[in-house]
Amino acid sequence: MNTKLSPDERADLVMKDMTLDEKIQLLHGNGMPMFDPLTPVTAMSNRGGGYVIGIPRLGIPAIDMCDAAYGVRGSGTNGRYSTALPADVALAASWDTAAAFDYGALIGRELRAQGYNMSLGGGVDLTRDPRNGRTFEYLGEDPVLAGTMAAKLIQGTESQHILGDIKHYAFNDQESGRGAADVHIGERAARESDLLAFEIGVEQGYPAGVMCAYNRVNGLFSCENSYLLKEVLKHDWKFPGFVLSDWGGTHSLEKASAAGLDHEEGGSFFYGERYKAAVQSGSIPMSELDEHVHRILRSMFAAGIIDYPQRRSVVDPFAGLVVARTIEEDAIVLLKNERGTLPLDARKIQSIAVIGAHSDVGMISGGGSAQVDPPGENAFVASAQAPTPPNVEVWFPTSPLKAIQERAPHAAVQYNSGTDPAAAAAMAKRADVAIVFAYQWESEGKDLPNLSLPLHQDDLIAQVAAANPHTIVVLETGSPVTMPWVNAPAAILEAWYAGSDGANAVANVLFGTVNPSGKLPNTFPESEADLPRPTLVKPPLASVRFSGPVSPLERAAGLPPFTVDYNEGVEVGYKWYDAEKKSVLFPFGYGLSYSSYRYSDLTVTSGKTITATFTLANTGARAGAEIAEIYASLPAGAQEPPKRLVGWSKVRLNAGEQRTVTVEMDPKYLSIFDVQKDQWMLVPGDYTILVGGSSQDLPLRTVVHLR
Ligand code: GLC
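Residues numbered from 1 in each chain as written. Predicted model: local features only at pLDDT ≥ 70, side-chain atom pairs only at ≥ 80, totals over all residues. Heavy atoms only, no water.

Visitor: What's the story with the sheet that holds strand β26 (residues 685–692) in this structure? I'm lost.
Guide: Read from one edge to the other, the open sheet built from 4 strands follows the order β22-β21-β26-β27, with strand pairing classed as antiparallel. The strands lining the two open edges of the sheet, one partner per strand, are β22 (644–653) and β27 (700–706). Averaged over all pairs of adjacent strands, the angle between their axes in this sheet comes to 20°, without regard to strand direction. Relative to β27, β26 is paired through 7 bridges, and the arrangement is antiparallel. Among the inter-strand pairings, Tyr687 is bridged to a residue of β27, identified as Val704. (Pairing = 2+ DSSP bridges. Helix = DSSP H or I, 4+ residues; strand = E, 2+ residues; numbered from the N terminus. Axes fitted to C-alpha atoms, helices over the stretch in contact; angles between N-to-C directions.)

This is the structure:
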């Protein structure tokens, strides 16, 4: 307990006294109480996603894990309350690194209050395919934005003495057949795309755990892939923590252990008695077991869960609502605003039609293992009290209708469910303004069939917009959506999954209390036909014969491996559309404001650091925040896509104010990954640096020679 010693020294001291059984005990989970009540041990747990028995004799606490992508999962099981933050993709849309820290810190506080000491959040797989059912849980298509935001989120969580996590390592970029998909991608493309997001997240976020993914990468399961786990993560990135498998993602004993898997979750099929026998028979050297145990123990010391054991307390719902609302207000992206339709003037409006997406009672949230339980019942569909099963739509009791009524007390505000578009259009026709809420629900375990809004919502929007020229569309989506009606409404907002206080955040933007500043972390394509894989590669319907010990989950999945070729390589998102010269509906980095901004006077200096300096002015009539984006086009010899994001700054400016903005660019973000030399290399030559408010609106450019 000598805190003057390093986490590694302290771990070594404890290990001297550990028995073989105690070492094995740290190497695996004990089931997942929600799904297999036959795991009596977890009765001692807090009934979260995972539980590792502690060693009270040596003062080592249990590790009580819980999913926490956008809030503490399953809090309903222990009769508690958790804040649902806006979905992670919304956080990415804020481009606000301070908000990312606050996001993670709130999750850390609420995990501790509920008795947990490890988060299973931190998803950062790139949105390589926007139909991925977990797009809402991730941080967009660009590795620099996603990695930076993930790092800050993890720092925030770990600031609360919670073991942080980053996942799913790596290339778990689709949900269909995730347990059998074999992703193929070249090494340089891998290092410059998905792995760069993890590299930034690990090197800047210091997570305790890296959760390896279900899928194979270039033929080998992620959780027994020594290239991913040893060569890249532990050697190149010097990761000191531990690799835990996704639940049921462990597929072997000696092979996984030698490849660098430190801990099996959710059960102990391989890393329990079988592991002990392997050590006793000598087929696994004690030194290998000690390496795994050391990484787990040193992480527990480093995170502070031994020096600051968690004490159950009470979540502060009101503080949580403030954080959720503030982040959502900064995450909402204004996609269209014609004829000054927004912000609405409550003093002038006489009548408002509010339509669709159960906006009278609630707002949608993301499903799967990320699902946060709403307070009380599911706002829209009466379902069993928590835990909400992982595959139903869960609506939070935050009512846009109520929030709009509160801000327009003199207006006649009417609601229509939108199930009958003609009736909704008739009501819209009679109102000054029509606000249509439309949603697209997504969840772990399955991908979207397409990027269209489901349930005939396209038709609803088209009919309402035809009936009222002052129609505003508010989207509650996790992924980009196609918009056949895009020219019809006067205004469009992307509100994502808006969180526990989403209605107030949306209303504050609609009525101008808040000036929207979010920008898209994912490209909105015109059509699925423009995607690198227009048709999602799905698992073949066939059974498979197993040989040797097989984890129950793999047997249950029972799918033969199938290959998904990431031929687009590093060209993820806007890099693909740029390289293929395809037009898009709304580009990466795009978002409007109630103000306007002017960019001027760009200079770039290169020396110890590479720095861009420019002037940004708020030429609008009200204060606002502008995300100024910096891209680089590398020398032709680098053979890279037309441009890449290399930095940004979110600048808050009063009306008429102008400021000199300086952004340092990490040379790594201007480099290529040289596979032969196994390192990042800056290609000597002329670099074009571009600055502006969207990936397709870059008014400033200059050329700088780098060597
Ligand atoms: C799930 C998810 C993972 C989650 C874990 C525990 O299958 O893939 O993100 O943390 O199991 O619920």
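Visitor: In this structure, what is going on with the sheet that holds strand β8 (residues 220–221)? I would like to understand it.
Guide: Strand-to-strand pairing in sheets goes through backbone hydrogen bonds, with the strands running parallel or antiparallel. Overall, mixed pairing links the 4 strands, which are arranged β8-β7-β5-β18 in an open sheet. The open sheet is flanked by β8 and β18 (562–565), the only strands paired with a single partner. The pairing of strand β7 (residues 216–217) with β8 spans 2 bridges and is antiparallel. Considered in β8, the bridge of Arg216 is made with Phe221.

Visitor: Explanation requested: the pattern of salt bridges in the structure shown.
Guide: Note that side chains of opposite charge can pair when their charged atoms are close. Summed over the entire model, instances satisfying the criterion amount to 42 salt bridges. In this structure, Lys276 engages Asp21 in a salt bridge whose closest nitrogen and oxygen atoms are separated by 2.7 Å. Placement of the pair is Lys276 in helix α10 (residues 273–281) and Asp21 in helix α2 (residues 20–25), with a sequence separation of 255 residues. Looking at Lys276, the relative accessible area reads 17%, which means it is buried. Lys575 is paired through a salt bridge with Asp142; the nearest N and O atoms lie 3.9 Å apart. Highlighted residues: Lys575 in helix α18 (residues 574–579) and Asp142 in the loop between β3 (118–119) and α5 (143–158), separated in sequence by 433 residues. Given the relative accessible area of 7%, Lys575 is considered buried. Via salt bridges that share partners, Arg128, Asp173, Asp194, Arg533 and Glu568 belong to a single interconnected network. (Salt bridge = Lys/Arg side-chain N within 4 Å of Asp/Glu carboxyl O. Buried < 20%, exposed > 50% of the residue type's maximum accessible area, 1.4 Å probe, protein only.)

Visitor: Could you clarify how one ought to interpret helix α8 (residues 226–236) in this entry?
Guide: An α-helical segment advances 3.6 residues per turn. Residues three or four places apart therefore align on the same side. All of the buried residues along α8 are Leu228, Leu229, Val232, Leu233, Lys234 and Asp236. Lys238 sits one or two residues past α8 and shows a positive phi near 55°.

Visitor: Even after reading the chapter, I still don't get the packing of helix α12 (residues 317–331) against helix α16 (residues 502–510), so can you show me in this structure?
Guide: Relative placement of two packed helices is described by the angle separating their axes and the distance separating the axes. One can describe the packing of α12 onto α16 by two numbers: an axis separation of 8 Å at closest approach and a directional angle of 40°. As judged from the angle between their axes, α12 and α16 are oblique. Crossing geometry of α12 relative to α16 is assigned as right-handed. For the pair α12 and α16, the contacting residues are Arg325, Glu328 and Glu329 in the first and Asn504, Ala505, Val506, Asn508 and Val509 in the second. When its residues are assigned to classes, the contact of α12 with α16 shows 3 nonpolar, 2 polar and 3 charged. (Parallel < 35°, antiparallel > 145°, perpendicular 65-115°, else oblique. Left-handed = near helix turned anticlockwise from the far one by under 90°. Contact = heavy atoms within 4.5 Å. Nonpolar A, V, L, I, M, F, W, Y, C, P; charged D, E, K, R; others polar.)

Visitor: Quick question: what am I supposed to make of the domain arrangement of the chain here?
Guide: Many descriptions give the size of an interface as the accessible area lost when the pieces come together. You can read the domains of the chain as domain 1 (317–525) and domain 2 (595–706). Of note, the centres of domain 1 and domain 2, computed from C-alpha atoms alone, are 33 Å apart. Sorting the residues of domain 1 by area buried against domain 2 places Asn515, Ser517 and Lys519 first, and these three jointly supply 76% of that buried surface. The tally of links between domain 1 and domain 2 comes to 2 salt bridges. The closest approach of N and O atoms between Lys519 and Glu626, which form a salt bridge, is 3.1 Å. (Domains from an automatic or database assignment. Buried area = accessible area lost by both parts, 1.4 Å probe.)

Visitor: Could you clarify how one ought to interpret the state of the cysteines in this entry?
Guide: Each disulfide is one covalent bond, formed between the sulfur atoms of two cysteines. By the definition in use, this model includes 1 disulfide. For Cys212, the disulfide goes to Cys223, at an S-S distance of 2.2 Å. The disulfide joining Cys212 to Cys223 has a torsion of about 110° about its S-S bond and is therefore right-handed. Within this pair, whereas Cys212 is found in strand β6 (residues 209–212), its partner Cys223 is found in the loop between β8 and α8, the two being separated by 11 residues in sequence. Comparing Cys212 with Cys223 shows no difference in burial state: the two are buried. In this structure Cys66 is not part of a disulfide, and its nearest cysteine sulfur, from Cys212, lies 19 Å away. On the basis of relative accessible area, Cys66 is assigned to the buried category, the value being 1%. (Disulfide = S-S within 2.5 Å.)

Visitor: Would you mind showing me how to read the site of the ligand here?
Guide: The local shell around the ligand holds 13 residues, among which Asp67, Lys167, His168, Tyr214 and Asp246 are the closest. Here Asp246 contributes a side-chain N or O atom positioned 2.6 Å from an oxygen atom of the ligand. Within the complex, the protein chains bury 96% of what would otherwise be the 310 Å² of accessible surface of the ligand. Across the shell around the ligand, the residue classes break down as 5 nonpolar, 2 polar and 6 charged. (Near = heavy atom within 4 Å. Polar contact = N/O pair within 3.5 Å; in protein donor to acceptor, adjacent residues only side chain to side chain. Areas by Shrake-Rupley, 256 points an atom, 1.4 Å probe, with all protein chains shown as cover.)

Visitor: What is the right way to read the nonpolar core from this model?
Guide: A general feature of soluble globular proteins is that nonpolar side chains tend to end up buried together. Tyr169, Leu297, Ile352, Ile435, Met483, Leu510 and Phe614 are the most contacted members of the largest nonpolar core, which totals 217 residues. Residues from two domains meet in this core; each of domain 1 (317–525) and domain 2 (595–706) gives at least three. For Leu297, the residues in contact, after removing those within four places along its chain, are Ala11, Val14, Met15, Met18, Leu26 and Ile60. (Core = buried A, V, L, I, M, F, W, Y, C linked by side-chain atoms within 4.5 Å.)

Visitor: Honestly, the side chain of Thr83 in this entry has me stumped. Any pointers?
Guide: Along the chain, Thr83 falls in the loop between β2 (63–66) and α3 (88–94). One polar contact links Thr83 to Glu110, side chain to side chain, over a distance of 2.6 Å.

Visitor: For this particular structure, what's the right way to read the pairing of strand β20 (residues 610–618)?
Guide: Along a regular strand, successive side chains alternate from one face of the sheet to the other. Most of β20 is tucked away: 8 of the 9 residues are buried. In terms of strand pairing, strand β19 (residues 597–606) meets β20 through 8 bridges, oriented antiparallel. Residue pairing across strands places Val604 opposite Ala612, the latter belonging to β20. Between the antiparallel neighbours β19 and β20 lie 3 residues.

Visitor: Explanation requested: unusual backbone geometry in the structure shown.
Guide: What you tend to see is this: most non-glycine residues have negative phi, and most peptide bonds are trans. Omega for the peptide link from Lys167 to His168 comes to -15°, which places this bond in the cis form. Look at the link from Glu265 to Gly266: it is a cis peptide, with omega at -10°. You can see Gly266 is positioned in the loop between α9 (254–259) and α10. The phi angle at Asp601 is positive, at roughly 55°, despite the residue not being glycine. As for its placement among the helices and strands, Asp601 is situated in strand β19. Asp601 sits in the exposed class, given a relative accessible area of 55%. Even without being a glycine, Asp678 presents a positive backbone phi close to 55°. Here Asp678 shows up in the loop between β24 (672–674) and β25 (679–681). Owing to a relative accessible area of 29%, Asp678 belongs among the partly exposed residues under this scheme.

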